[in-house]
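Notes for the structure review
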Amino acid sequence: MGVDRDEPDQAAEWPDGLDVRGLLERGWRPTPIRDFILKVHSRCNLACDYCYMYEMADQGWRRQPRRMSRHVVDRVAQRIAEHAHTNLLPEVEIVLHGGEPLLAGAEHLRYVIETILAATGPAVRVGFSVQTNGVLLDDLFLDLFAEYGVTVGVSVDGDEEGHDRHRRRADGQGSYQAVRAGLQRLTNGYRPLFGGLLSTIELRNDPVTTYESLLEFGPPGVDFLLPHGNWDVPPPGRPPDESTPYGDWLIAIFDRWYAADADETRIRLFSEIIRLLFGRMSASEAVGLSPVAVVVVESNGEIEQVDSLKSAFDGAAGTRLHVSRDPFDTVLSLPSVAARQIGRRALAPECLACQAHEVCGGGLYPHRYRSGTGFRNPSVYCRDLLKLITHIRDVLGRDLAAVDSAVTVG
(Lines give C-alpha, C1' and ligand atoms only; values in the text may rest on other atoms or scores of the structure.)
Protein backbone atom coordinates (compact mmCIF):
# COMPACT_ATOMS: atom_id res chain seq x y z
CA MET A 1 0.00 0.00 0.00
CA GLY A 2 1.44 3.39 -1.02
CA VAL A 3 2.36 6.16 1.38
CA ASP A 4 0.40 9.44 1.15
CA ARG A 5 3.24 11.91 0.73
CA ASP A 6 1.00 14.76 1.89
CA GLU A 7 1.65 13.33 5.34
CA PRO A 8 4.65 14.75 7.20
CA ASP A 9 7.63 12.79 8.37
CA GLN A 10 6.55 11.69 11.84
CA ALA A 11 9.91 12.78 13.25
CA ALA A 12 9.36 16.33 12.02
CA GLU A 13 6.95 19.04 13.04
CA TRP A 14 4.25 19.80 10.50
CA PRO A 15 4.72 20.95 7.80
CA ASP A 16 8.44 20.15 7.55
CA GLY A 17 7.81 16.84 5.79
CA LEU A 18 5.21 18.11 3.31
CA ASP A 19 6.04 16.83 -0.18
CA VAL A 20 5.49 19.89 -2.36
CA ARG A 21 6.77 18.13 -5.47
CA GLY A 22 4.21 15.40 -4.94
CA LEU A 23 1.45 17.99 -4.61
CA LEU A 24 2.51 19.56 -7.89
CA GLU A 25 2.60 16.19 -9.64
CA ARG A 26 -0.98 15.57 -8.52
CA GLY A 27 -2.20 18.84 -9.96
CA TRP A 28 -1.98 21.34 -7.11
CA ARG A 29 -0.77 24.77 -8.13
CA PRO A 30 0.39 27.51 -5.76
CA THR A 31 -1.38 30.85 -5.55
CA PRO A 32 0.95 33.74 -6.45
CA ILE A 33 1.76 36.33 -3.81
CA ARG A 34 -0.59 39.29 -3.93
CA ASP A 35 0.07 40.94 -0.57
CA PHE A 36 3.52 42.22 0.32
CA ILE A 37 4.13 43.43 3.88
CA LEU A 38 7.21 45.63 3.99
CA LYS A 39 8.93 46.21 7.32
CA VAL A 40 10.06 49.70 6.47
CA HIS A 41 11.06 50.28 10.10
CA SER A 42 11.85 47.58 12.64
CA ARG A 43 11.43 49.53 15.88
CA CYS A 44 8.44 51.04 17.63
CA ASN A 45 7.66 54.10 19.71
CA LEU A 46 5.31 52.11 21.96
CA ALA A 47 6.02 49.15 24.22
CA CYS A 48 2.80 47.12 24.05
CA ASP A 49 3.26 44.15 26.35
CA TYR A 50 1.41 41.69 24.07
CA CYS A 51 3.35 42.51 20.90
CA TYR A 52 4.37 39.45 18.89
CA MET A 53 7.28 41.37 17.38
CA TYR A 54 9.06 42.38 20.57
CA GLU A 55 7.56 40.45 23.48
CA MET A 56 7.15 36.88 22.24
CA ALA A 57 9.27 33.93 21.15
CA ASP A 58 11.14 35.35 18.16
CA GLN A 59 13.55 38.17 19.02
CA GLY A 60 14.98 38.50 15.52
CA TRP A 61 14.07 42.20 15.43
CA ARG A 62 17.19 42.86 17.50
CA ARG A 63 19.33 41.88 14.50
CA GLN A 64 17.42 44.00 12.00
CA PRO A 65 18.50 47.46 10.83
CA ARG A 66 16.16 50.12 12.09
CA ARG A 67 15.11 51.29 8.64
CA MET A 68 14.89 49.50 5.31
CA SER A 69 17.68 51.01 3.21
CA ARG A 70 17.08 52.47 -0.23
CA HIS A 71 19.16 49.68 -1.71
CA VAL A 72 16.84 47.07 -0.19
CA VAL A 73 13.80 49.09 -1.29
CA ASP A 74 15.12 49.02 -4.86
CA ARG A 75 15.52 45.23 -4.77
CA VAL A 76 12.09 44.74 -3.19
CA ALA A 77 10.47 46.85 -5.90
CA GLN A 78 12.22 44.86 -8.64
CA ARG A 79 11.14 41.56 -7.07
CA ILE A 80 7.52 42.69 -6.71
CA ALA A 81 7.44 43.79 -10.34
CA GLU A 82 9.08 40.54 -11.44
CA HIS A 83 6.53 38.46 -9.53
CA ALA A 84 3.55 40.43 -10.79
CA HIS A 85 4.64 40.31 -14.42
CA THR A 86 5.68 36.64 -14.33
CA ASN A 87 2.35 35.61 -12.85
CA LEU A 88 0.25 38.07 -14.90
CA LEU A 89 -1.13 39.70 -11.77
CA PRO A 90 -3.28 42.74 -12.59
CA GLU A 91 -2.89 44.13 -9.07
CA VAL A 92 -0.90 43.74 -5.87
CA GLU A 93 -1.22 45.20 -2.39
CA ILE A 94 1.65 46.73 -0.44
CA VAL A 95 1.42 47.19 3.33
CA LEU A 96 3.88 49.63 4.91
CA HIS A 97 4.49 48.02 8.26
CA GLY A 98 6.82 47.83 11.24
CA GLY A 99 7.51 48.18 14.09
CA GLU A 100 5.98 51.56 13.60
CA PRO A 101 6.30 52.44 9.90
CA LEU A 102 5.96 56.19 10.40
CA LEU A 103 9.31 56.16 12.21
CA ALA A 104 10.86 55.71 8.75
CA GLY A 105 9.92 59.32 7.95
CA ALA A 106 7.69 60.80 5.27
CA GLU A 107 10.42 61.20 2.65
CA HIS A 108 11.56 57.61 3.01
CA LEU A 109 7.98 56.36 2.68
CA ARG A 110 7.64 58.52 -0.43
CA TYR A 111 10.74 56.83 -1.83
CA VAL A 112 9.28 53.38 -1.14
CA ILE A 113 5.99 54.22 -2.84
CA GLU A 114 7.50 55.91 -5.88
CA THR A 115 10.13 53.20 -6.38
CA ILE A 116 7.53 50.42 -6.38
CA LEU A 117 5.25 52.34 -8.73
CA ALA A 118 8.12 52.96 -11.13
CA ALA A 119 9.19 49.32 -11.09
CA THR A 120 5.73 47.81 -11.61
CA GLY A 121 4.66 50.26 -14.28
CA PRO A 122 1.14 50.94 -15.57
CA ALA A 123 0.30 47.29 -16.24
CA VAL A 124 -0.03 46.50 -12.53
CA ARG A 125 -2.36 48.36 -10.19
CA VAL A 126 -0.59 48.82 -6.87
CA GLY A 127 -2.64 49.48 -3.76
CA PHE A 128 -0.83 50.90 -0.74
CA SER A 129 -1.83 50.83 2.90
CA VAL A 130 -0.08 51.62 6.16
CA GLN A 131 -0.72 50.06 9.56
CA THR A 132 0.20 52.47 12.33
CA ASN A 133 -0.33 52.99 16.04
CA GLY A 134 -1.47 56.50 15.13
CA VAL A 135 0.78 58.39 17.53
CA LEU A 136 2.80 60.12 14.79
CA LEU A 137 -0.04 60.77 12.35
CA ASP A 138 0.16 64.41 11.27
CA ASP A 139 -0.53 66.48 8.17
CA LEU A 140 2.90 65.75 6.70
CA PHE A 141 2.21 62.02 6.57
CA LEU A 142 -1.45 62.42 5.73
CA ASP A 143 -0.71 64.73 2.80
CA LEU A 144 1.73 62.12 1.46
CA PHE A 145 -0.84 59.36 1.85
CA ALA A 146 -3.52 61.48 0.17
CA GLU A 147 -1.18 62.11 -2.77
CA TYR A 148 -0.79 58.39 -3.43
CA GLY A 149 -4.11 57.06 -2.11
CA VAL A 150 -2.52 55.17 0.78
CA THR A 151 -5.21 53.84 3.12
CA VAL A 152 -4.50 54.12 6.83
CA GLY A 153 -5.26 51.48 9.45
CA VAL A 154 -4.86 52.39 13.10
CA SER A 155 -4.47 50.10 16.12
CA VAL A 156 -6.63 51.03 19.10
CA ASP A 157 -7.98 48.73 21.79
CA GLY A 158 -11.14 50.52 22.89
CA ASP A 159 -11.69 53.35 25.33
CA GLU A 160 -8.84 55.02 27.19
CA GLU A 161 -8.83 52.61 30.12
CA GLY A 162 -8.99 49.54 27.91
CA HIS A 163 -6.47 50.80 25.38
CA ASP A 164 -3.90 51.84 27.98
CA ARG A 165 -3.88 48.46 29.72
CA HIS A 166 -1.34 47.29 27.17
CA ARG A 167 -0.61 49.99 24.58
CA ARG A 168 1.82 52.09 26.59
CA ARG A 169 5.02 53.97 25.97
CA ALA A 170 8.35 52.65 27.25
CA ASP A 171 8.05 54.87 30.33
CA GLY A 172 4.69 53.32 31.22
CA GLN A 173 2.56 56.24 30.08
CA GLY A 174 -0.59 55.42 28.17
CA SER A 175 -0.85 56.23 24.47
CA TYR A 176 -4.61 56.64 24.04
CA GLN A 177 -4.74 60.43 23.93
CA ALA A 178 -1.99 60.60 21.30
CA VAL A 179 -3.69 57.90 19.23
CA ARG A 180 -7.03 59.68 19.56
CA ALA A 181 -5.45 62.93 18.33
CA GLY A 182 -4.00 61.11 15.31
CA LEU A 183 -7.36 59.55 14.53
CA GLN A 184 -9.07 62.91 14.76
CA ARG A 185 -6.65 64.36 12.21
CA LEU A 186 -7.28 61.39 9.94
CA THR A 187 -11.05 61.47 10.20
CA ASN A 188 -11.51 65.24 10.14
CA GLY A 189 -9.54 66.12 7.02
CA TYR A 190 -8.55 62.85 5.35
CA ARG A 191 -11.48 60.49 5.92
CA PRO A 192 -11.31 58.88 2.45
CA LEU A 193 -7.96 57.42 3.53
CA PHE A 194 -9.38 55.76 6.65
CA GLY A 195 -9.01 51.99 6.21
CA GLY A 196 -10.28 50.91 9.63
CA LEU A 197 -9.25 49.93 13.13
CA LEU A 198 -7.39 46.95 14.55
CA SER A 199 -8.31 46.06 18.12
CA THR A 200 -6.74 43.29 20.17
CA ILE A 201 -9.19 41.57 22.51
CA GLU A 202 -8.69 42.00 26.24
CA LEU A 203 -11.14 39.94 28.30
CA ARG A 204 -11.03 42.42 31.18
CA ASN A 205 -12.47 45.11 28.90
CA ASP A 206 -16.23 45.13 28.53
CA PRO A 207 -16.91 44.01 24.94
CA VAL A 208 -19.82 46.33 24.17
CA THR A 209 -18.07 49.32 25.73
CA THR A 210 -15.00 48.49 23.65
CA TYR A 211 -17.02 48.28 20.45
CA GLU A 212 -18.99 51.45 21.05
CA SER A 213 -15.85 53.41 21.90
CA LEU A 214 -14.41 52.41 18.51
CA LEU A 215 -17.60 53.53 16.77
CA GLU A 216 -16.88 57.06 17.94
CA PHE A 217 -14.30 57.34 15.14
CA GLY A 218 -16.73 56.16 12.46
CA PRO A 219 -14.44 53.41 11.15
CA PRO A 220 -15.33 51.79 7.83
CA GLY A 221 -14.25 48.50 9.39
CA VAL A 222 -13.03 46.97 12.62
CA ASP A 223 -10.87 43.89 12.95
CA PHE A 224 -10.93 42.28 16.40
CA LEU A 225 -7.77 40.24 16.91
CA LEU A 226 -7.41 37.28 19.25
CA PRO A 227 -4.26 37.66 21.36
CA HIS A 228 -1.49 35.48 20.01
CA GLY A 229 -0.88 32.23 21.82
CA ASN A 230 -0.64 28.51 21.13
CA TRP A 231 -0.81 25.15 22.88
CA ASP A 232 2.63 25.63 24.45
CA VAL A 233 1.99 29.19 25.58
CA PRO A 234 -1.78 29.68 25.86
CA PRO A 235 -3.22 33.17 25.48
CA PRO A 236 -4.28 35.02 28.63
CA GLY A 237 -7.56 33.84 30.10
CA ARG A 238 -7.75 30.76 27.87
CA PRO A 239 -7.67 27.84 30.37
CA PRO A 240 -7.40 24.21 29.21
CA ASP A 241 -11.08 23.45 29.84
CA GLU A 242 -14.46 23.61 28.13
CA SER A 243 -14.97 27.33 28.75
CA THR A 244 -15.26 29.82 25.88
CA PRO A 245 -14.26 33.24 27.24
CA TYR A 246 -13.20 34.69 23.90
CA GLY A 247 -16.19 33.26 22.10
CA ASP A 248 -18.51 34.79 24.69
CA TRP A 249 -16.72 38.16 24.43
CA LEU A 250 -17.12 38.21 20.67
CA ILE A 251 -20.72 37.03 20.78
CA ALA A 252 -21.62 40.02 22.96
CA ILE A 253 -20.30 42.33 20.25
CA PHE A 254 -21.90 40.32 17.44
CA ASP A 255 -25.33 40.58 19.05
CA ARG A 256 -24.90 44.34 19.53
CA TRP A 257 -23.61 44.77 15.96
CA TYR A 258 -26.21 42.54 14.31
CA ALA A 259 -29.14 44.13 16.14
CA ALA A 260 -28.20 47.70 15.18
CA ASP A 261 -30.86 49.54 13.15
CA ALA A 262 -28.24 50.96 10.79
CA ASP A 263 -25.05 49.61 9.24
CA GLU A 264 -22.56 51.03 11.75
CA THR A 265 -19.36 49.44 10.46
CA ARG A 266 -18.03 46.21 9.01
CA ILE A 267 -16.56 43.81 11.55
CA ARG A 268 -14.24 41.69 9.50
CA LEU A 269 -14.37 38.47 11.51
CA PHE A 270 -18.17 38.41 11.57
CA SER A 271 -18.48 39.33 7.90
CA GLU A 272 -16.05 36.60 6.90
CA ILE A 273 -17.86 33.97 8.97
CA ILE A 274 -21.17 34.99 7.37
CA ARG A 275 -19.63 34.75 3.90
CA LEU A 276 -18.31 31.28 4.68
CA LEU A 277 -21.65 30.10 6.10
CA PHE A 278 -23.20 31.01 2.76
CA GLY A 279 -20.58 29.01 0.89
CA ARG A 280 -18.37 31.89 -0.20
CA MET A 281 -14.59 32.02 0.01
CA SER A 282 -12.86 33.84 2.83
CA ALA A 283 -10.73 36.92 2.27
CA SER A 284 -9.10 36.57 5.69
CA GLU A 285 -6.45 34.21 7.02
CA ALA A 286 -8.22 34.12 10.41
CA VAL A 287 -10.98 31.79 9.21
CA GLY A 288 -11.80 29.68 6.17
CA LEU A 289 -9.60 27.67 3.85
CA SER A 290 -8.62 30.22 1.20
CA PRO A 291 -4.93 30.11 0.17
CA VAL A 292 -2.72 32.54 2.07
CA ALA A 293 -0.82 34.60 -0.51
CA VAL A 294 1.22 36.93 1.70
CA VAL A 295 4.92 37.50 2.28
CA VAL A 296 6.83 39.78 4.60
CA VAL A 297 10.07 41.52 3.71
CA GLU A 298 12.13 42.45 6.75
CA SER A 299 14.08 45.71 6.93
CA ASN A 300 17.30 43.91 5.89
CA GLY A 301 15.65 42.31 2.84
CA GLU A 302 15.00 38.86 4.29
CA ILE A 303 11.84 37.25 2.95
CA GLU A 304 9.59 35.81 5.65
CA GLN A 305 6.15 34.36 6.11
CA VAL A 306 3.40 36.29 7.88
CA ASP A 307 4.98 37.85 10.92
CA SER A 308 2.37 36.66 13.44
CA LEU A 309 4.23 33.33 13.24
CA LYS A 310 6.92 34.96 15.38
CA SER A 311 4.61 34.28 18.33
CA ALA A 312 5.11 30.51 17.96
CA PHE A 313 8.87 30.00 18.24
CA ASP A 314 12.14 31.62 17.26
CA GLY A 315 12.54 31.38 13.48
CA ALA A 316 8.99 30.23 12.76
CA ALA A 317 8.49 32.91 10.11
CA GLY A 318 11.91 32.48 8.48
CA THR A 319 12.55 31.20 4.96
CA ARG A 320 16.32 31.77 4.47
CA LEU A 321 15.44 33.71 1.33
CA HIS A 322 16.52 37.26 0.50
CA VAL A 323 15.37 39.77 -2.10
CA SER A 324 18.94 40.24 -3.29
CA ARG A 325 19.10 36.70 -4.69
CA ASP A 326 15.66 35.06 -4.55
CA PRO A 327 12.51 35.78 -6.59
CA PHE A 328 9.24 35.66 -4.71
CA ASP A 329 8.17 32.61 -6.74
CA THR A 330 10.77 30.65 -4.75
CA VAL A 331 8.70 31.17 -1.60
CA LEU A 332 5.84 29.20 -3.11
CA SER A 333 7.87 25.98 -3.20
CA LEU A 334 8.50 25.96 0.55
CA PRO A 335 6.55 23.37 2.59
CA SER A 336 5.76 25.99 5.22
CA VAL A 337 4.13 28.22 2.58
CA ALA A 338 2.44 25.43 0.62
CA ALA A 339 0.85 24.21 3.84
CA ARG A 340 -1.11 27.45 4.02
CA GLN A 341 -2.38 27.06 0.47
CA ILE A 342 -3.64 23.47 0.36
CA GLY A 343 -6.86 23.99 2.29
CA ARG A 344 -8.35 21.09 4.19
CA ARG A 345 -5.33 18.86 3.48
CA ALA A 346 -3.43 20.88 6.09
CA LEU A 347 -6.03 20.41 8.82
CA ALA A 348 -5.68 18.15 11.83
CA PRO A 349 -7.88 15.02 11.98
CA GLU A 350 -9.84 16.60 14.85
CA CYS A 351 -10.64 19.57 12.61
CA LEU A 352 -11.74 17.41 9.68
CA ALA A 353 -14.13 15.58 11.99
CA CYS A 354 -15.79 18.88 12.99
CA GLN A 355 -18.80 20.12 11.05
CA ALA A 356 -17.53 23.70 11.22
CA HIS A 357 -14.12 23.08 9.66
CA GLU A 358 -14.95 24.69 6.30
CA VAL A 359 -15.86 27.89 8.14
CA CYS A 360 -13.28 27.82 10.92
CA GLY A 361 -10.49 26.59 8.65
CA GLY A 362 -8.57 25.50 11.72
CA GLY A 363 -8.31 29.10 12.94
CA LEU A 364 -5.35 31.41 12.54
CA TYR A 365 -2.31 29.31 11.67
CA PRO A 366 0.05 30.53 14.46
CA HIS A 367 -2.57 29.62 17.07
CA ARG A 368 -2.35 25.93 16.10
CA TYR A 369 1.25 25.40 17.11
CA ARG A 370 2.25 22.68 19.57
CA SER A 371 5.87 21.62 20.01
CA GLY A 372 6.38 18.08 18.71
CA THR A 373 3.55 18.15 16.19
CA GLY A 374 3.95 21.62 14.74
CA PHE A 375 0.99 23.38 13.14
CA ARG A 376 -1.26 20.42 12.36
CA ASN A 377 -3.48 20.94 15.38
CA PRO A 378 -6.77 22.68 16.07
CA SER A 379 -6.49 26.30 17.12
CA VAL A 380 -5.89 26.93 20.80
CA TYR A 381 -9.12 28.95 20.39
CA CYS A 382 -11.00 25.95 18.97
CA ARG A 383 -13.88 25.99 21.48
CA ASP A 384 -14.24 29.77 21.27
CA LEU A 385 -14.39 29.74 17.46
CA LEU A 386 -16.87 26.88 17.39
CA LYS A 387 -19.18 28.67 19.81
CA LEU A 388 -18.99 31.93 17.85
CA ILE A 389 -19.58 30.24 14.48
CA THR A 390 -22.46 28.19 15.86
CA HIS A 391 -24.05 31.28 17.38
CA ILE A 392 -23.82 33.27 14.14
CA ARG A 393 -25.20 30.31 12.18
CA ASP A 394 -28.14 29.98 14.55
CA VAL A 395 -28.96 33.69 14.47
CA LEU A 396 -28.85 33.76 10.68
CA GLY A 397 -30.87 30.54 10.49
CA ARG A 398 -33.56 31.98 12.74
CA ASP A 399 -33.88 35.12 10.65
CA LEU A 400 -33.87 33.25 7.34
CA ALA A 401 -36.57 30.93 8.66
CA ALA A 402 -38.66 33.94 9.68
CA VAL A 403 -38.27 35.45 6.20
CA ASP A 404 -39.18 32.15 4.58
CA SER A 405 -42.24 31.86 6.79
CA ALA A 406 -43.34 35.39 5.96
CA VAL A 407 -42.94 34.76 2.21
CA THR A 408 -44.89 31.51 2.49
CA VAL A 409 -47.74 33.15 4.39
CA GLY A 410 -47.81 36.08 1.99
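Our structure is the block above this text.
Residues numbered from 1 in each chain as written. Predicted model: local features only at pLDDT ≥ 70, side-chain atom pairs only at ≥ 80, totals over all residues. Heavy atoms only, no water.

**Looking at the packing of aromatic side chains**
Under the criterion given, the structure shown has 13 aromatic pairs. Taking 4.9 Å as the distance between ring centres and 85° as the angle between the ring planes, the aromatic pair formed by Tyr54 and Trp61 counts as edge-to-face. In this structure Tyr54 comes out as buried when scored by relative accessible area, which is 14%. Between the aromatic rings of Phe313 and Tyr369, the centroid separation amounts to 5.0 Å while the plane-to-plane angle is 45°, which identifies the pairing as tilted. Note that Phe313 is positioned in the loop between β9 (302–304) and β10 (318–322) and Tyr369 in the loop between α12 (357–360) and α13 (382–409), a separation of 56 residues in sequence. (Phe/Tyr/Trp six-rings, centres within 6.5 Å; stacked < 30°, edge-to-face > 60°. Buried < 20%, exposed > 50% of the residue type's maximum accessible area, 1.4 Å probe, protein only. Helix = DSSP H or I, 4+ residues; strand = E, 2+ residues; numbered from the N terminus.)

**Some words on the sheet that holds strand β7 (residues 266–267)**
Taken in spatial order, the ten strands line up as β7-β6-β5-β4-β3-β2-β1-β8-β9-β10 in an open sheet, and their pairing is mixed. Each edge of the sheet is formed by a strand with only one pairing partner; in this case those strands are β7 and β10. In this structure, strand β2 (residues 91–97) lies alongside strand β3 (residues 125–132), joined through six bridges in parallel fashion. Among the inter-strand pairings, Glu93 is bridged to a residue of β3, identified as Gly127. Along the sheet face, helix α6 (residues 176–189) touches β4 (151–155) and β5 (194–200) and points at about 155° away from the line of β4. (Pairing = 2+ DSSP bridges. Contact = heavy atoms within 4.5 Å. Axes fitted to C-alpha atoms, helices over the stretch in contact; angles between N-to-C directions.)

**Let's talk about the environment of Thr210**
Here Thr210 shows up in helix α7 (residues 207–215). A relative accessible area of 4% places Thr210 in the buried class. Considered as a pair, Thr210 and Asp248 are 38 residues apart in the sequence and their alpha carbons are 14 Å apart. Setting aside anything within four residues of it in sequence, one finds Thr210 in contact with Asp157, Gly158, Ser199, Asn205, Phe224 and Trp249.

**Section: empty space enclosed by the protein**
Scanning the entire structure with this criterion turns up two cavities of 30 Å³ or more. Approximately 150 Å³ is the volume found for the largest cavity. Lining of the largest cavity is provided by 17 residues; of these, Gly288, Ser290, Val292, Arg340 and Arg368 occupy positions nearest its centre. Of the residues assigned to the lining of the largest cavity, the class counts are eight nonpolar, six polar and three charged. Empty space within the second largest cavity amounts to approximately 80 Å³. Lining the second largest cavity are Val292, Val294, Val295, Glu304, Gln305, Val306, Val331, Ser336, Val337 and Arg340. Elements with a minimum of two residues in the lining of the second largest cavity: β8 (294–297) and α10 (335–338). (1 Å grid on protein atoms, 1.4 Å probe; cavity = no way out; pocket = protein on both sides within 12 Å on 5 of 7 lines; lining within 4 Å. Points joined across faces, edges and corners; volume = space filled by probe spheres on them. Nonpolar A, V, L, I, M, F, W, Y, C, P; charged D, E, K, R; others polar.)

**Let's talk about the pairing of β4**
Summarising burial for β4: four of the five residues are buried, a large majority. Bridging between β3 and β4 involves four bridges; their strand directions are parallel. Each residue of the ladder has a partner; that of Thr132, found in β4, is Val154. Following the backbone out of β3, through helix α4 (residues 139–148) and into the adjacent parallel β4, one traces a crossover that is right-handed. Relative to β5, β4 runs parallel, the two being bridged by four bridges. Bridge pairing in β5 links Val154 to Leu197. (Right-handed = clockwise from strand over helix to strand, strands pointing away.)

**A closer look at the packing of α7 against helix α8 (residues 245–258)**
Direction vectors running N to C along α7 and α8 enclose 50°, while the axes themselves pass 8 Å from each other. For the element pair α7 / α8, the angle class is oblique. Here α7 and α8 pass one another in a crossing that is right-handed. Note on element contacts: α8 touches α7 through Trp249, Ala252, Ile253, Arg256 and Trp257, opposite Pro207, Val208, Thr210, Tyr211, Glu212 and Leu215. Of the residues assigned to the contact of α7 with α8, the class counts are eight nonpolar, one polar and two charged. (Parallel < 35°, antiparallel > 145°, perpendicular 65-115°, else oblique. Left-handed = near helix turned anticlockwise from the far one by under 90°.)

By themselves these figures say nothing about function.
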